[in-house]
Amino acid sequence: MHFVEAKGLLTGKNGQYGMNIYRGCSHGCIYCDSRSLCYQFTHPFEDIEVKQNAPELLEKTLKSKRKKCMIGTGSMSDPYMHCEEELRMTRKCLEIISKYEFGVAIQTKSDRILQDIDLLDEINRKTKCVVQITLTTYDDDLCKIIEPNVCNTMRRIEVLEEMQKRGIPTIVWLCPILPYINDTEENITSILNECARVGVKGVMNFGMGLTLRSGDREYYYAALDKHFPGLKEKYKKRYGYAYDVPSPHAQKLWYLFRSICIEKGMLYKPSDCFEFLHEFPEKNKQMSLFDF
């Protein structure tokens, strides 16, 4: 872990902003796209870069913004890695978001988010908070292999359940789906049934497969050699060095995914999920003359 002074924190435009307080990750997921060379890490991925002035930058920016909006975090680096236990940088930023009455869409795999459920509840009561959880495999033994340094799937489902109890809406990211590993009907059905049970608003999926780029691909293949002997050769034969790596069962799994989501009343189109994530509730509208 090392500390830097960042020049800026929020990125985006048109009322859609994102932030990453950390760079790198300690969760060790074998498929992580953030390892890709295109992101130009100049330090080892597990050596977490901490933007130590993130709270100050965030407060300075939000204080000057007249138009409220949703602020997303967690798309590149999980805001609840192990270092958050000590640093509480995410919590400090959530306190500022709540102070200036912005909304937040926060994405994680970790149950550490429950440490901040009071703040998330506070933000949701003032404006809007959406908690996004990644679920990839219903099998907890397999989960320990592909996502080794973070809580298992059953625990993440408990997190979703706790959010439901508070009335905090949730989105699940059902991705990636790894060919020959978790690309089964049983896995997809089991996860979606649990999502429906705990009242998930929508489920994100961008195609039943994963993407591999330089940096990410090498790490993933090394993990295949370690945990799934012979599977790397199968990947190379079928996919070569392709960026998109769809499951051989992609079409069948997609129809299954779509049909279950429709049946259970959950959003399933990425565009609909993103619309929900970005939509900021309009409050305190001035009453028109016709309301009197």
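Check the entry above for the structure.
Analysis parameters
Residues numbered from 1 in each chain as written. Predicted model: local features only at pLDDT ≥ 70, side-chain atom pairs only at ≥ 80, totals over all residues. Heavy atoms only, no water. Helix = DSSP H or I, 4+ residues; strand = E, 2+ residues; numbered from the N terminus. Rg over C-alpha atoms; globule rule 2.2 N^0.38 Å. Buried < 20%, exposed > 50% of the residue type's maximum accessible area, 1.4 Å probe, protein only. Contact = heavy atoms within 4.5 Å. Areas by Shrake-Rupley, 256 points an atom, 1.4 Å probe, with all protein chains shown as cover. 1 Å grid on protein atoms, 1.4 Å probe; cavity = no way out; pocket = protein on both sides within 12 Å on 5 of 7 lines; lining within 4 Å. Points joined across faces, edges and corners; volume = space filled by probe spheres on them. Nonpolar A, V, L, I, M, F, W, Y, C, P; charged D, E, K, R; others polar. Expected span 1.5 Å × (residues − 1). Arc of directions from axis to C-beta. Phe/Tyr/Trp six-rings, centres within 6.5 Å; stacked < 30°, edge-to-face > 60°. Lys NZ or Arg CZ within 6 Å of the ring centre and 35° of its normal. Pairing = 2+ DSSP bridges. Axes fitted to C-alpha atoms, helices over the stretch in contact; angles between N-to-C directions.

A. Layout of the overall build of the protein. A count of helices and strands for the protein gives 11 helices and 12 strands. Taking 2.2 N^0.38 as the reference for a compact globule, 292 residues should give roughly 19 Å; the C-alpha atoms of the protein span a radius of gyration of 20 Å, in line with that estimate. C-alpha extents for the protein along the principal axes are approximately 70 × 45 × 30 Å. Sorting the 292 residues of the protein into buried and exposed places 52% on the buried side. Contacts spanning at least 24 positions in sequence make up 81% of the contacts within the protein whose residues lie at least 6 apart. When the accessible surface of the protein is totalled, it reaches about 14300 Å², and 50% of it is carbon and sulfur.

B. Spatial organisation of the layout of surface pockets. The space that makes up the largest pocket amounts to roughly 860 Å³. Lining the largest pocket are 35 residues, with Tyr31, Asp33, Trp173, Cys175 and Pro176 positioned closest to its centre. Elements supplying a minimum of two residues to the lining of the largest pocket: β7 (103–108), β11 (209–211) and β12 (244–246). Considering only residue class, the lining of the largest pocket consists of 17 nonpolar, 12 polar and six charged.

C. Quick peek at helix α10 (residues 250–264). Given a rise of 1.5 Å per residue, 15 residues ought to cover 21 Å, and the 21 Å separating the end C-alpha atoms of α10 matches this to within 8%. Three or more residues of α10 are buried, namely Ala250, Leu253, Phe257, Ile260 and Cys261. Looking down the long axis of α10, one finds its buried residues gathered within 105° of arc, a one-sided arrangement. Facing away from the buried side of α10, by more than 90 degrees, are the exposed residues Gln251 and Glu263. Positive backbone phi, at 75°, marks glycine 265, one or two positions downstream of α10.

D. Up close: the packing of aromatic side chains. One pass over the full model with this rule turns up 11 aromatic pairs. Residues phenylalanine 41 and phenylalanine 45 carry aromatic rings whose centres are separated by 5.2 Å and whose planes lie at 65° to one another, so their mutual orientation is edge-to-face. Judged by relative accessible area, phenylalanine 45 falls into the buried class, the value being 10%. Between tryptophan 173 and phenylalanine 206, the aromatic rings sit 5.6 Å apart at their centres with planes inclined by 40°, giving tilted as the arrangement. Taken together, the residues span a long stretch of sequence, with tryptophan 173 in strand β9 (residues 170–173) and phenylalanine 206 in the loop between β10 (202–204) and β11 at a distance of 33 residues. The rings of Tyr180, Tyr220, Tyr221, Tyr235 and Tyr239 are connected pair by pair, giving a single aromatic cluster. Its end group placed over the ring of phenylalanine 41, arginine 23 keeps NZ or CZ at 4.2 Å from the ring centre. Lysine 234 extends its terminal NZ or CZ atom over the ring of tyrosine 180, reaching a point 4.1 Å from the ring centre.

E. Representation of the sheet that holds strand β8 (residues 129–134). Read across the open sheet, the seven strands follow the order β2-β3-β6-β7-β8-β9-β10; overall the sheet is mixed. With partners counted over all chains shown, the strands left at the sheet margins are β2 (11–13) and β10, one partner each. Across the sheet, the mean angle separating the axes of adjacent strands is 20° when strand polarity is ignored. Bridging between strand β6 (residues 70–73) and β7 involves four bridges; their strand directions are parallel. Looking at the pairing, threonine 73 lines up with isoleucine 106 of β7. Relative to the sheet, helix α3 (residues 89–99) contacts β3 (16–19), β6 and β7, its axis offset from that of β7 by approximately 160°.

F. Structural context of unusual backbone geometry. The omega torsion across cysteine 175 and proline 176 is 0°, close enough to zero to call that bond cis. With a phi close to 55°, glutamine 40 is a non-glycine residue in the positive phi region. Within the secondary structure, glutamine 40 is located in the loop between β4 (22–23) and β5 (49–51). One non-glycine residue, glutamate 101, lies in positive phi territory at about 60°. Tracing the sequence through the fold places glutamate 101 in the loop between α3 and β7. On the basis of relative accessible area, glutamate 101 is assigned to the partly exposed category, the value being 40%.

G. Highlighting helix α4 (residues 117–126). Taken residue by residue, α4 has Ile117, Leu119, Leu120, Asp121, Ile123 and Asn124 as its buried positions. Here the buried face of α4 lies against α3, β7, β8 and α6 (153–166).

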